[in-house]
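# Chain and residue survey
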Amino acid sequence: MGRPNFFIVGAPKCGTTALRQYLSAHPGTFFCEPKEPHYFATDFPSHRYVTTEENYIRLFDRAPADCPIIGEASSWYLYSREALANIARFDPNARIIAMLRNPIEMTPSLHAQLLRDFAESEPDLRRAWDLQEERRDPSRLPKNRNTRYDPRTFLYRDACKLGEQVDRLLQVFPGDQVKIILFDDFSRDTQNVYESVLAFLGLPPDGRAEFPKANVRRDYRSRRAGRLLFQTWSAASRLKSRLGILTTFGLFKRLERFTMETREPVEPDPEFRKHLAAAFRSDIESLSRTLGRDLSHWSEEPT
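Residues numbered from 1 in each chain as written. Predicted model: local features only at pLDDT ≥ 70, side-chain atom pairs only at ≥ 80, totals over all residues. Heavy atoms only, no water.

## Things to note about the overall build of the protein chain
We apply this condition: Working definition: helices are DSSP H or I runs of at least four residues, strands are E runs of at least two. Numbering for both runs from the N terminus. In this scheme, a residue with accessible area under 20% of its type's maximum is buried, one over 50% is exposed, and one in between is partly exposed, where area comes from a 1.4 Å probe on protein chains only. Here, two residues are considered to be in contact whenever any of their heavy atoms come within 4.5 Å of each other. In these tables, accessible area is a Shrake-Rupley quantity obtained with a 1.4 Å probe, and a residue counts as shielded only by the protein chains included in the view.
Along its length, the protein chain carries twelve helices and seven strands. Out of the 303 residues in the protein chain, the part that is buried amounts to 52%. Of the contacts formed within the protein chain by residues at least 6 apart in sequence, a portion of 74% connects residues at least 24 apart. When the accessible surface of the protein chain is totalled, it reaches about 15,100 Å², and 49% of it is carbon and sulfur.

Following this line, the structure appears as structure tokens:
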């Protein structure tokens, strides 16, 4: 029976889906299904696919006996206050990858995902941002929302303060067990970053030269049909959980792909971008110091 020794811990909308997809084709790796079990995020109970270690380990029972890298990718682990310490207790020698993105770009991308998944009810990004403080009160959260998302995912400023989260990560795991990847680098030179990840994991190169885009922005052609599909999937998932079934529903994924279409990325307007730059400037500076890399251009106005 396999036991995970490698974790992609986040952050959401920073390339974790693509990296997992590329790595999963390497003969020296095994990743569990579903992609994001979030077992160790005990403070995000609605995100957890399984809640016992026995059931968590069962997600990896198809891993080959000689597979050197067994892993998972749960994008909210980095934001969680408990997940990293829980992983360290489970395996203090675990390899950790954290993928990071300019928070000024991450914020609208996260908002768009929450809208797509019927968690967020406010379609205007600026208004959703302004609602953050009152949404700390659970009674002020969107009505009839998709409860798979923890209430803290609506706190866009907290969720996207990656400097603070990386500092917490490096307090739990030593630096030689952690690899930090910037989305900018991953997008610009995917092959070089991919090969550096293989080296970090102690895996030989596999000659991969094609890196198709993954997890591009998509939304439902019909919101009504999408909501019906989501409600059906959620009900089936609850039933599956009660029955202790640990397989995924591939049919729902196929139906979802059929009912969705590609959308252009959302860009904040120039005025709101300045607001986001001011909100995240100190955290960007903190991350720059931690990584030893100047990221001040993240908060500059685009040319």
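Structure's up, so let's keep going.
## Some thoughts on the pattern of salt bridges
Keep this limit in mind: Salt bridge criterion: a side-chain nitrogen from Lys or Arg within 4 Å of a carboxyl oxygen from Asp or Glu.
In total, this model carries 17 salt bridges according to the counting rule given. Note that Glu-105 is salt-bridged to Arg-101, the shortest N-O span being 3.7 Å. The exposure class of Arg-101 is buried, given its relative accessible area of 15%.

## Let's talk about unusual backbone geometry
Residue Ala-11 follows Gly-10 across a cis peptide bond; omega there is 0°. Residue Pro-34 follows Glu-33 across a cis peptide bond; omega there is 5°. Not every positive phi belongs to a glycine, and Lys-13 is a case in point at roughly 65°. Take Lys-13: it is sitting in the loop between strand S1 (6-8) and helix H1 (16-24). Positive phi, normally seen in glycine, also occurs at His-38, with a value near 55°. Within the secondary structure, His-38 is located in the loop between strand S2 (29-31) and helix H2 (53-58). When its relative accessible area of 3% is taken as the criterion, His-38 is described as buried.

## A word on the packing of H1 against helix H9 (residues 190-201)
Formally: Angles here are taken between N-to-C directions and fall from 0 to 180 degrees, while the axes themselves are lines fitted to C-alpha atoms, restricted in helices to the stretch in contact. For any pair of crossing helices, the crossing counts as left-handed if the nearer helix is rotated counterclockwise from the farther one by less than a right angle, and right-handed if it is rotated clockwise. Under the scheme applied, nonpolar residues are Ala, Val, Leu, Ile, Met, Phe, Trp, Tyr, Cys and Pro; charged residues are Asp, Glu, Lys and Arg; polar residues are all the others, including Gly.
Packing of H1 against H9 brings their axes to within 11 Å, and their N-to-C directions diverge by 65°. Read as a crossing pair, H1 and H9 show a hand that is right-handed. Contact residues: H1 offers Leu-19, Tyr-22 and Leu-23, while H9 offers Thr-190, Tyr-194, Val-197, Leu-198 and Leu-201. A class-by-class count of the residues in the contact of H1 with H9 yields seven nonpolar, one polar and no charged.

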